[in-house]
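Below, each chain spelled out in residue letters.
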Amino acid sequence: MKSMGKTAAVEGRHIVKNFRTGDAVTEVLKDLSLQVMQGEFVSIMGPSGSGKSTLLYILGGLESPTSGRVLLNGTDIYGFGDKEMSMLRRRSIGFVFQFYNLIPNLNAEENIMLPLLLDGQKMEHLDRLDQILEVVGLTDRRRHTPRELSGGQQQRVANGRAPIGNPGIPFDDEPTG
């Protein structure tokens, strides 16, 4: 699907996701299609257990659909190998997870810089790190590990990690949390 000649930033085509528990199959996503153009903000709302996080993880390449396709900027991401998929997530997608996913033995600035550390790009983004720490109000807590931070401060670290590498596609699970 294209809108006025433009390629969608994120596109899901006929996504189905089933979970199997023993003999029981639970269909969480049923033939879901969506398209998000560059610059659009989309909010997906629904009751707990309706598949919002599952959809987010599928669109972001963290979980495979049972069937269907996901395209980021026109490229089918489920044709990638593990290494390519990891690189895509680090360089093109910014995630804020519902449960933060901070590394316990890394301090706040290291947790924010993690996607860049994995790519060997830390030095090019030190000014950006300082700017993000200031925006999220953690300049004075930059060397504290997650256990030394309050829950709100941990959430701000997670919020700071998502934009550090200027990803083209940000995903936020439970943004009002």
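Refer to the preceding data block for the structure.
Criteria and thresholds
Every residue gets a number counted from 1 within its own chain, in the order that chain's sequence is written. Given that this is a predicted model, residues contribute local features only at a pLDDT of at least 70 and side-chain atom pairs are listed and counted only at 80 or more, while totals for whole chains, interfaces and linings are drawn from all residues. Heavy atoms from the whole structure form the basis of all side-chain values; hydrogens and water molecules are not counted. Only DSSP runs of H or I covering at least 4 residues are called helices, and only runs of E covering at least 2 are called strands; the numbering of each starts at the N terminus. Both definitions apply: the radius of gyration is a C-alpha atom measure, and the globule rule equals 2.2 Å times residues to the power 0.38. Throughout this description, buried means an accessible area under 20% of the type-specific maximum (1.4 Å probe, protein chains only), exposed means over 50%, and partly exposed covers the range between. Contact criterion: two residues are considered in contact whenever any of their non-hydrogen atoms come within 4.5 Å of each other. The Shrake-Rupley method, run with a 1.4 Å probe sphere, supplies the accessible areas, and residue values consider only the shown protein chains as cover. Positive charges are assigned to Lys and Arg, negative charges to Asp and Glu, while His and the chain termini are left out of the count. Charge placement uses NZ in Lys and CZ in Arg. For Asp and Glu, CG and CD serve respectively. When a carboxyl oxygen of Asp or Glu is within 4 Å of a side-chain nitrogen of Lys or Arg, the pair counts as a salt bridge. Among the buried residues, those of types Ala, Val, Leu, Ile, Met, Phe, Trp, Tyr and Cys that are joined through side-chain atoms within 4.5 Å form a nonpolar core. Put simply, two rings from Phe, Tyr or Trp (the six-membered ring, in Trp's case) pair if the centres are within 6.5 Å, and we call them stacked under 30 degrees between planes, edge-to-face over 60, tilted for the rest. Only Lys NZ and Arg CZ are tested; either one counts as a charge over a ring when it is within 6 Å of the ring centre and within 35 degrees of the ring normal.

Q: Tell me about the overall build of the chain, residues and numbers included.
A: Within the chain one finds five helices and eight strands. N-terminal to C-terminal, the α/β element order of the chain is β-β-β-β-α-β-β-α-β-α-α-α-β. For 177 residues, the compact-globule formula gives about 16 Å, and the C-alpha radius of gyration of the chain, at 17 Å, lands near that figure. In terms of overall dimensions, the chain has C-alpha extents of about 50 × 40 × 30 Å along its principal axes. Among the 177 residues that make up the chain, the fraction classed as buried is 37%. In the chain, the proportion of contacts linking residues at least 24 apart, taken out of those at least 6 apart, comes to 64%. Accessible surface, the chain as shown: approximately 10300 Å² in total, 51% of it carbon and sulfur. Of the side-chain charges in the chain, 20 are positive and 21 negative, and the distance between the mean point of each set is 1 Å.

Q: I'd love a proper account of the pattern of salt bridges, names of residues and values included.
A: For side chains bearing opposite charge, pairing can occur when the charged atoms are close. Scanning the model with the defined rule gives six salt bridges in all. Between Arg 13 and Glu 11 there is a salt bridge; the shortest N-O distance is 2.8 Å. Residue Arg 13 is classed as partly exposed on the basis of its relative accessible area, which comes to 25%. A residue is classified by how much of its surface remains accessible, and Glu 11, at 3% relative accessible area, is buried. Taking the shortest distance from any N to any O, the salt bridge between Arg 142 and Glu 109 comes out at 2.6 Å. Here the residue Arg 142 occupies a position in the loop between helix H4 (126-135) and helix H5 (151-161), and Glu 109 occupies one in helix H3 (residues 108-119), the gap between them amounting to 33 residues. It is possible to trace a salt-bridge network through shared partners that takes in Glu 109, Asp 130, Arg 142 and Arg 143.

Q: Give a detailed account of the nonpolar core, specifying residues and quantitative values.
A: Core analysis: the largest hydrophobic core is formed by 20 residues, its most contacted members being Val 10, Ile 15, Leu 59, Leu 72 and Phe 171. Contributing elements (two or more residues each) for this core: strand E3 (10-21), strand E4 (24-36), helix H1 (52-59), strand E5 (67-72), helix H2 (82-92), strand E7 (93-96) and strand E8 (169-172). Residue contributions to this core peak at four residues, all from H1. For Val 10, the residues in contact, after removing those within four places along its chain, are Leu 34, Gln 35, Val 36, Leu 59, Leu 71, Leu 72, Ile 169 and Phe 171. Grouped together as the second largest cluster of nonpolar side chains are 16 residues, Val 96, Leu 102, Leu 129 and Ala 158 included.

Q: Give a description of the packing of aromatic side chains that names residues and reports values.
A: Two numbers describe a pair of aromatic rings. These are the distance of the centres and the angle of the planes. Applying the stated rule across the entire model yields zero aromatic pairs. We note Lys 17 situated over the ring of Phe 19; from NZ or CZ to the ring centre the distance is 5.2 Å.

Q: Summarise the environment of Leu 138; cite the residues concerned and give the values.
A: With respect to the helices and strands, the residue Leu 138 is situated in the loop between H4 and H5. Of the residues examined, Leu 138 reaches a relative accessible area of 0% and is grouped as buried.

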